[in-house]
Amino acid sequence: MKNVPVIKIGIVAVSRDCFPESLAVNRRKAVIAEYEKKFGKDGIYECPICIVESEIHAQQALEDVKKAGCNALCVYLGNFGPEISETMIADWFQGPTMFCAAAEETQNDLIDGRGDAYCGMLNASQALSLCVRPVLTSPRSP
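Residues numbered from 1 in each chain as written. Predicted model: local features only at pLDDT ≥ 70, side-chain atom pairs only at ≥ 80, totals over all residues. Heavy atoms only, no water.

*Asks:* Please clarify how the side chain of D64 should be interpreted in this entry.
*Replies:* Examined against the element boundaries, D64 turns out to sit in helix α2 (residues 55-67). As a buried residue without a salt bridge, D64 has its nearest oppositely charged side chain in K67, at a separation of 6.8 Å. Setting aside anything within four residues of it in sequence, one finds D64 in contact with Y45, C47, P48 and I49. (Helix = DSSP H or I, 4+ residues; strand = E, 2+ residues; numbered from the N terminus. Buried < 20%, exposed > 50% of the residue type's maximum accessible area, 1.4 Å probe, protein only. Lys, Arg positive; Asp, Glu negative; His and termini not counted. Salt bridge = Lys/Arg side-chain N within 4 Å of Asp/Glu carboxyl O. Contact = heavy atoms within 4.5 Å.)

*Asks:* What's the story with the packing of aromatic side chains in this structure? I'm lost.
*Replies:* Ring pairs (aromatic) are described by centroid distance and by the angle formed between their planes. Applying the stated criterion across every chain, the model contains one aromatic pair. Here the aromatic rings of Y35 and F39 are separated by 5.0 Å at their centres, their planes lie at 45°, and the arrangement is tilted. Of this pair, Y35 and F39 both sit in helix α1 (residues 21-39), four residues apart, roughly one helical turn. (Phe/Tyr/Trp six-rings, centres within 6.5 Å; stacked < 30°, edge-to-face > 60°.)

Set out below in structure tokens:
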């Protein structure tokens, strides 16, 4: 008996409107391409909707991943993301959700290419701690 759940993860890119949306989209495409090289096309879905500063985009992306049959979600910060919208989709999604951020591997493109998304991940982490309800809580030790 194989007791492993079948997962289909939807990857949704996020971007702030002060950054080029194409940066987040191209970085999402690169992640998808690497995944498919290693594991094939099964189990992953690339959401074509990039969440940019809008609750409406978050709702559209949520509906899109639901229609695609995704039961897990990856919110991908291709650059600095919109904390409110990106945390709303995590709160609304009825399944496991993870946040990932792009890294600048070479350090050669930190200005025009906008570099990494680590400060966006820091802000997302803070926003998540404020608005996403934990599924399980355990009592703290005194």
